[in-house]
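Spelled out, the chains give:
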Amino acid sequence: MIHDTGALIAAERNHAAFWRAHRSCLTAGGPPPAPAPVVAQAWRDGARQAQSARILNGCEVAGRRAEVAPLR
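Here the structure is a predicted model, which is why all the values come from computation and not from measurement. Per chain, residue numbering runs from 1 following the sequence as it is written. Given that the model is predicted, a residue must reach a pLDDT of at least 70 before its local features are reported, and side-chain atom pairs must reach 80 or more before they are shown or counted; all residues, however, enter totals for whole chains, interfaces and linings. Values reported for side chains reflect all heavy atoms of the structure, with hydrogen atoms and water molecules removed beforehand.

Colleague: Mind laying out the packing of aromatic side chains, listing which residues take part and the relevant values?
Modeller: Each pair of aromatic rings taken from Phe, Tyr and Trp, with Trp reduced to its six-membered ring, is defined by centres within 6.5 Å and is described as stacked if the planes are under 30 degrees apart, edge-to-face if over 60, and tilted in the remaining cases. By the definition in use, this model includes one aromatic pair. Measuring from ring centre to ring centre gives 5.6 Å for Phe 18 and Trp 19, while their planes differ by 75 degrees; the resulting arrangement is edge-to-face. Placement of a charge over a ring requires the Lys NZ or Arg CZ to be within 6 Å of the ring centre, with the centre-to-atom vector within 35 degrees of the ring normal. When the ring centre of Trp 19 is taken as reference, the NZ or CZ atom of Arg 54 above it lies at 4.1 Å.

Have a look at this one:
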């Protein structure tokens, strides 16, 4: 499972089905990836996005700055 923007929105809206799927993914194989562009698209205001912060705490954010090759 790879979390997309819709998954982060579902987390923020506290959809029970999404949280069940996320928990089963964590149990089955570790943290699901959430691509950095997806996080950038969904993230607005950390003070008001407690559920998004919670879900991202249990994800591997792929493509963070340190993992991306520098532009030359």
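So, next bit.
Colleague: How would you summarise helix α4 (residues 50-57) if you had to cite specific residues and measurements?
Modeller: Throughout this description, buried means an accessible area under 20% of the type-specific maximum (1.4 Å probe, protein chains only), exposed means over 50%, and partly exposed covers the range between. Strands are runs of DSSP state E lasting at least two residues, helices are runs of H or I lasting at least four, and both sets are numbered from the N terminus onward. For α4, the set of buried residues is Ser 52, Ile 55 and Leu 56. Projection of α4 onto a plane perpendicular to its axis shows the buried side chains occupying an angular sector of 100 degrees, all on one side. Exposed side of α4, more than 90 degrees from the buried face: Ala 50 and Asn 57 are the residues found there. Here, two residues are considered to be in contact whenever any of their heavy atoms come within 4.5 Å of each other. The secondary structure elements touched by the buried residues of α4 are α1 (5-12), α2 (16-29), β1 (33-35), α3 (36-42) and β2 (60-62). By definition, the arc is the one covered by directions from the helix axis to the C-beta atoms.

Colleague: Give me the lowdown on the packing of α1 against α4, citing residues and values where you can.
Modeller: Angles here are taken between N-to-C directions and fall from 0 to 180 degrees, while the axes themselves are lines fitted to C-alpha atoms, restricted in helices to the stretch in contact. Taken N-terminus to C-terminus, the directions of α1 and α4 make an angle of 125 degrees; their axes are 7 Å apart at the nearest point. Taken together, the axes of α1 and α4 are oblique relative to one another. The element α1 and its partner α4 pack so that their crossing is right-handed. Contacts from Leu 8, Ala 11 and Glu 12 in α1 reach Ala 50, Gln 51, Ser 52, Ile 55 and Leu 56 in α4. Three classes are used, and their members are as follows: Ala, Val, Leu, Ile, Met, Phe, Trp, Tyr, Cys and Pro are nonpolar, Asp, Glu, Lys and Arg are charged, and the others, Gly among them, are polar. Among the residues forming the contact of α1 with α4, the class breakdown is five nonpolar, two polar and one charged. Roughly parallel here means an angle under 35 degrees, roughly antiparallel means over 145, roughly perpendicular means 65 to 115, and every remaining angle is called oblique. Definitions for this section: a left-handed crossing has its near helix turned counterclockwise from the far helix by less than a right angle. A right-handed crossing has that turn clockwise.

Colleague: Which residues make up unusual backbone geometry, and what are the values?
Modeller: For Asn 14, which is not glycine, the phi dihedral falls at a positive 60 degrees. You can see Asn 14 is positioned in the loop between α1 and α2.

Colleague: Account for α2, with residues named and values stated.
Modeller: In an α-helix, one full turn covers 3.6 residues, which means residues spaced three or four apart are oriented alike. If you check α2, its first and last C-alpha atoms are 20 Å apart, about what 14 residues at 1.5 Å a residue would give, namely 20 Å. Taken together, the buried positions of α2 are occupied by Phe 18, Trp 19, His 22 and Cys 25. Across the axial projection of α2, the buried residues extend over an arc of 125 degrees, all falling on one side. The outward face of α2, more than 90 degrees from its buried face, is lined by the exposed residues Arg 20, Thr 27 and Ala 28. Looking one or two places after α2, you find Gly 30, whose phi comes out positive at around 95 degrees. Given a helix with a known number of residues, its expected span is that number minus one, times 1.5 Å.

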